[in-house]
Amino acid sequence: MSCALSYAYYPGCSSTGTSVEYDMSSRAICAALDIKLSDVPDWSCCGSTPAHTVDHTLSSALSARNLSQVASMGLTAAVTPCPSCLSNLRTAQHRMKNDSFRQKVSKLLDRPADITVETKSVLQILVEDCGVDRIRAKVTRPLTGLTVAAYYGCIMNRPAEIMNFDDREHPMAMDNIMAALGATVVPFPLKVECCGASFGIPRRDVVMRLSGKLLDTAKEMGAMALVTACPLCQMNLDMRQEQINSANGSQHHMPIFYFTQLMGLAFGLSEKELGIDKLCVNPRTVIDALGMEGQPL
Amino acid sequence: MKIGVFVCHCGSNIEGTVDTAAVAAAAREFPGVAFATDTMYTCSEPGQEEIVTAIKEQQLDGVVVASCTPRMHEQTFRRTVERAGLNRYLFEMANIREHVSWIGKDREANTNKAIDLVRMSAAKLLHNRPLLSKKFEINKRVLIIGGGVAGIQAALDCAEGGLQVVLVEKTSSIGGKMAKLDKTFPTVDCSSCILGPRMVDVAQHPNITLHAYSEIDEVSGYVGNFEVKVKKKATYVDWKKCTGCGVCMTKCPSRKATDYFNEGIGKTTAINIPFPQAIPKKAKIDADFCMKLQKGKCGICEKICPTGCIDYSQQDEYVTEKVGAIIAATGFDLFDWTVYGEYGAGRYPDVITSLQYERMLSASGPTGGHIKRPSDGREPKNVVFIQCVGSRDKSVGRPYCTGFCCMYTAKQAILTKDHLPESRSYVFYMDIRATGKNYDEFTRRAMEEYDAKYIRGRVSMIYPKGDRLLVRGADTLMGTQVELDADLVVLAVGAQAAAGANQLAEKLRISYDSYGFYMEGHPKLKPVETNTAGVYLAGSCQGPKDIPSSVSQGSAAAAKVLGLFSKDKLESDPQVSMVDIKRCIGCGKCMKTCPFGAIKEIDFRGMKKAEVIETICQGCGICTSTCPQGAVQLQHFTDNQILSEVNALCQF
């Protein structure tokens, strides 16, 4: 592909805190792939789970505001690494196809709501717009010997009619990227299961059970690491892994990477710019086993 | 002409949104109209009597009935006017129900539209002429397409009734889906024991000609005189010599051919007889897998065959059959369940279809009647059945209920316990639809006597866990999530229209619904007829059916054909094209455009002219719009008649 890809970039709140390494690595690999990301000026929170639980109009207004910020940049497509942000953007766009709903939303905004902006996840532009071949061509240090399970979470592809990306039950986007990087990908059967999401705060036992099952199954399948595309999934599996171990009596020590971090490693980018040190479960042994020693990091 | 107009209330169907009295009053002012009235039910006996009386008392010589669609009652009223001594074509029908009252609520607008439609009909009627039918000979042979249980029943009933029957079957043996079943519900009697003798009867009946491994290529003609081109596909075996000994199968080195009969459980040889009870019991070569046909090397079956019947150079052959009636009994296909990602979309070998399970249960099946997991051959302990796979599911475009899966699932749960007493069956269901005779009792037996655990709810996910499968679903009665360890999952796959059903429908000129099932003449009153005269339906091609219903329809279709053939001659429809020989310039354009070959060239005092063969003409009217001279006119739809309707409508 010769024409340059250019998108408005909407990082989402997690990117400024718990998933800063997802943001760093997304920017780094996009730069490496000649994908231009321009930050949306003065973006605000998508409202996350609380907003749409309380009020659909308010939730959509938050997304609509961000979409009109994108439109003011003169760009037609926006990209976000976070599937939850994307889900809110897409749901707002879907709801605003209804004229009376759109008018209600517009009343809350300074400018009328814009529904023409195309919204995609970083994962989606990588497989659909950039293409796996271009990714494969960028690999300088293949991840040979690394066995991973790709875990998409429950909202990356669903509801299918709103997200309109990959297979709703058996997505392959990340699997294909990982294979292109040279990693071995196990046929992970729970790739679209829920990790427990924000129940980590009110009902920790739910996350212990659901995320615990993900880790158990990944280990059974022989995965050395899990690869995720969602800040909340990553946090539940990574930061809470010790809690899960003590709640379930398990002894997992499984690194939980963002897929963008592994792409960066394979592209030869430095661990520092990919935020590898931000991961809670230390990935050192897994990375060292790749035989990358002696090569510049 | 003195025209009588009868405006029907159809109870409140029409009167509810059309002022029928006003329509009748308006009609009295139309040219030629001598009498007009509105009646409660024109089609009822007093309603018809009113027409007969009016014709006699008012000396009417034409009648317009404004009521429902002509498909409903045109025949009824034509007979009524005939009874009063008028020619049946001096009658017109204005459809003010389907075209007016049912589709609009504005009473005034509806009334005006109804008046317009009646005005058009009356204007046309002024130009109608009496038309007379001709009698023609019929060929009392019947073609039956499809050799499943419905087609077999129809064939045997017709043959017993003294008719010559031609039975065409797509695969190399008759028997259809029923031949693949192990047992049948609700009696749990052996399927091949009850079907086998019927299949033998078909083979031995002197009145039945069987074309197996054949398909319908072309259909021409009309009721009483169809001409059907049958393509006999190359089997590479001379069936006149083949004795069905099966030696070729034991020696064929190509042992990885798809076993269609066994639904892909196991493999078969490239040359094969699909199953031991096959009728005809003849071998055929599956060219896709034959080494000789693919690579030119091998030829073992030719060397080994004791009767020398192998012929690698055999080509498709075409035979033409002349018949008077056709019964379509083409059955159904299984829904392709791999669209369900949540069931693994075909990735897990131990998730199988109900028909595959049926082959596994069958003593003559690929596992010799032993239930074995396809992955490792182990006997399963927990068998999970999932119902409504491709039934009652809008998300996969199959909103209809297949109707027989509840029953066969109960049967399979019972058989599972019979085969493996230590096993446990679980059935995920939506509702249990067991509405036949002894059906509900049967499903209760599965639960109460055979310990099948029924769980009301859908399955959301199947995934491998170790060497077993984990099935997760909802128990909507308990309001909980259920997770079961399964060794084998059997999907109760629903029925869909058979592959190629649409193409065959177009050849037969019959209609089909949005799912590809053939349309019956009337959903209640003409269940085995179609809207094409002489073409009948039997079995699941019309909609999913269990065995008793398919057999009933087979017999019903046979009864219809026997009824049709009880007459020696049929009356032709006089609504055909006629050539005005004075205007015809013999250009021949009509002959080229006629899709039925119904126009021939004649020599008229040394001049070339066209002539319509009345028995072949279908009255489509293509020739009339082609003729540059306006010399060809379709009777009952002449240019003058149609233009008078247009003028009546566009008078302002």
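Look up a bit, the structure's there.
Residues numbered from 1 in each chain as written. Chains lettered and ligands numbered in written order. Predicted model: local features only at pLDDT ≥ 70, side-chain atom pairs only at ≥ 80, totals over all residues.

1. Some remarks on the interface of chain B and chain A
Point 1. In this assembly, 5 residues from chain B lie in contact with 6 residues from chain A.
Point 2. Considered class by class, the residues forming the side of chain B that touches chain A number 3 nonpolar, 1 polar and 1 charged. (Contact = placed C-beta atoms within 7 Å. Nonpolar A, V, L, I, M, F, W, Y, C, P; charged D, E, K, R; others polar.)

2. What to know about the sheet that holds strand β7 (residues 225–228) of chain A
Residues and elements named next belong to chain A.
Point 1. If you walk across this open sheet you meet the 4 strands as β6-β5-β7-β8, and the pairing is parallel. With one partner strand each, in any of the chains shown, β6 (184–185) and β8 (256–258) form the two edges of the open sheet.
Point 2. Sheet analysis places strand β5 (residues 147–151) next to β6, joined by 2 bridges and oriented parallel. Looking across to β6, one finds that Thr147 is bridged to Thr184. (Pairing = 2+ DSSP bridges. Helix = DSSP H or I, 4+ residues; strand = E, 2+ residues; numbered from the N terminus.)

3. Side note on the packing of helix α6 (residues 149–160) of chain B against helix α15 (residues 547–564) of chain B
Residue and element names in this part refer to chain B.
Point 1. In the contact formed by α6 and α15, the axes pass within 8 Å of each other and the chain directions differ by 35°. In terms of crossing hand, the pair formed by α6 and α15 is right-handed. Facing α6, whose interface residues are Val149, Ala150, Gly151, Gln153, Ala154, Asp157 and Cys158, α15 presents Ile547, Ser550, Val551, Gln553, Gly554, Ser555, Ala557, Ala558, Val561 and Leu562.
Point 2. Split by residue class, the contact of α6 with α15 holds 10 nonpolar, 6 polar and 1 charged. (Axes fitted to C-alpha atoms, helices over the stretch in contact; angles between N-to-C directions. Left-handed = near helix turned anticlockwise from the far one by under 90°.)

4. So, helix α18 (residues 639–649) of chain B
Residue and element names in this part refer to chain B.
Point 1. Along α18, the positions that sit buried rather than exposed are Gln641, Glu645 and Ala648. Here the buried residues of α18 occupy an arc of 65° about the axis, which is enough to place them on one side. When the buried face of α18 is taken as reference, the exposed residues oriented beyond 90 degrees from it are Asn640, Val646 and Asn647.
Point 2. For α18, the elements touching its buried residues are α5 (107–125). (Buried ≥ 20, exposed ≤ 12 C-beta atoms within 10 Å, placed from the backbone. Arc of directions from axis to C-beta.)

5. Notes on the pairing of strand β18 (residues 325–328) of chain B
Residues and elements named next belong to chain B.
Point 1. Burial along β18 is two-sided: Ala325 and Ile327 and Ile326 and Ala328, pointing in opposite directions, are all buried.
Point 2. Here 3 bridges tie β18 to strand β29 (residues 535–537), and the two strands are oriented parallel to one another. Of the residues in β29, the one forming a bridge with Ile327 is Tyr536.

6. With respect to the nonpolar core
Point 1. Core analysis: the biggest nonpolar cluster contains 215 residues, and A:Val148, A:Ile177, A:Val227, B:Ala155, B:Ile327, B:Ala328 and B:Val489 have the highest contact counts within it.
Point 2. Once you skip the residues sitting within four places of it in the chain, B:Val489 turns out to touch B:Asp350, B:Val351, B:Val384, B:Ile386, B:Ile462, B:Leu469 and B:Val471. (Core = buried A, V, L, I, M, F, W, Y, C linked by C-beta atoms within 7 Å.)

7. Some remarks on the environment of A:Ser270
Residues and elements named next belong to chain A.
Point 1. Topologically, Ser270 is positioned in the loop between α13 (259–267) and α14 (271–274).
Point 2. On the neighbour-count criterion, Ser270 (12 C-beta atoms within 10 Å) is exposed.
Point 3. Note: C-alpha distance between Ser270 and Ala28 (242 residues apart in sequence) is 9.8 Å.

8. Description of the packing of helix α12 (residues 405–419) of chain B against helix α13 (residues 439–448) of chain B
Residues and elements named next belong to chain B.
Point 1. The interhelical angle for the contact between α12 and α13, taken along N-to-C directions, is 35°, at an axis separation of 9 Å. Here α12 runs over α13; the crossing is left-handed. Of the residues in α13, those in contact with Cys406, Met407, Ala410, Ala413 and Ile414 of α12 are Tyr439, Phe442, Thr443, Arg445 and Ala446.
Point 2. Per-class residue counts for the contact of α12 with α13 are 8 nonpolar, 1 polar and 1 charged.

Any link to function would need more than the numbers given here.
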